[in-house]
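What follows is each chain in one-letter form.
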Amino acid sequence: MPRLTRKEKQAHTRTCLMESAARVFTRRGLQQASIDEVAEDAGYTKGAFYANFKSKEELFLAMLDEKFTQRIEEIERVIAGEGTTADKARRAGDDFTQMITADPEWQRLFFEFTAYAARNEDFREELVTRYRTMRDRIAAALQARSDEFGLEFGLPVDQIALMTCAMANGFAHEKLLEGDIVPDELYGTMLVALFTGLASLNDAPAAAPS
């Protein structure tokens, strides 16, 4: 096996630390988990941790960046793909549901850090920055689709992106709390209802002047 370069070794160490952090944070909770525990679980020293991350918060944000990148790439593929708007909405909903059901521990961790962000202004700003970046990319993908095919959504694309993210978080929260009581297809249905409603806004007659 060829020897890893320094850059490859660092990338491998970061990946191991993030994987261990997910296990330790989920098992112990954000406040109780220590950097020592994360490093030990990964098979490294505390020094190796600090060579890659300044804090637990920075490590989580690196994990979030990875998750958000995967998610937005999936959304962009769906939006740019074939099919009607309803087909794409259903497909996007199914993809999201598969993601959260495949890794429920990540969802628990995500909501714990979200609650933590509400009490820590610096961390909240970092988290919100990432939220906005993801929403901006969703809005850009919707706008590109609109420009290419002359579609009208009835609302500004940035508002639509915000609505889809808010719905996703609400669905994920309910799914985490109630499990199978919440149907897997519900988020897809919500998205279909949203985009069907948006289309109807374009067909609605303008209000008569008073």
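Residues numbered from 1 in each chain as written. Predicted model: local features only at pLDDT ≥ 70, side-chain atom pairs only at ≥ 80, totals over all residues. Heavy atoms only, no water.

**A short note on helix 7 (residues 121-149)**
- The end-to-end C-alpha distance of helix 7, which contains 29 residues, comes to 42 Å, matching closely the 42 Å that a straight helix rising 1.5 Å per residue would cover.
- Taken residue by residue, helix 7 has Phe-123, Leu-127, Val-128, Arg-130, Tyr-131, Met-134, Ile-138, Ala-139, Ala-141, Leu-142, Arg-145 and Ser-146 as its buried positions.
- For helix 7, the N-terminal cap is Asn-120; the gap from its side-chain oxygen to the backbone nitrogen of Asp-122 is 3.3 Å.
- Note on helix 7: the residue one or two positions beyond its end, Gly-150, has a positive phi of about 65 degrees. (Helix = DSSP H or I, 4+ residues; strand = E, 2+ residues; numbered from the N terminus. Expected span 1.5 Å × (residues − 1). Buried < 20%, exposed > 50% of the residue type's maximum accessible area, 1.4 Å probe, protein only. Polar contact = N/O pair within 3.5 Å; in protein donor to acceptor, adjacent residues only side chain to side chain.)

**Comments concerning the packing of aromatic side chains**
- By the definition in use, this model includes 16 aromatic pairs.
- Ring centres of Phe-96 and Phe-171 lie 6.4 Å apart, and the angle between their planes is 55 degrees; this geometry places the pair in the tilted category. A residue pair is termed long-range when its members are at least 10 positions apart, and Phe-96 in helix 5 (residues 85-102) and Phe-171 in helix 8 (residues 157-178) qualify at 75 residues. Exposure class is identical for Phe-96 and Phe-171. Each is buried.
- Measuring from ring centre to ring centre gives 6.4 Å for Trp-106 and Phe-110, while their planes differ by 35 degrees; the resulting arrangement is tilted. Residue Trp-106 and its partner Phe-110 are located together in helix 6 (residues 104-117), separated by 4 residues, close to a single helical turn. (Phe/Tyr/Trp six-rings, centres within 6.5 Å; stacked < 30°, edge-to-face > 60°.)

**Comments concerning helix 2 (residues 35-42)**
- Within the sequence span of helix 2, burial applies to Ile-35, Val-38, Ala-39 and Ala-42. Each buried residue of helix 2 lies within a common arc of 95 degrees when the element is viewed along its axis, so the set occupies one face.
- Where helix 2 is buried, its residues contact helix 1 (6-28), helix 3 (46-52) and helix 4 (56-80).
- After helix 2 finishes, the residue Gly-43 shows a positive phi value of roughly 85 degrees. (Arc of directions from axis to C-beta. Contact = heavy atoms within 4.5 Å.)

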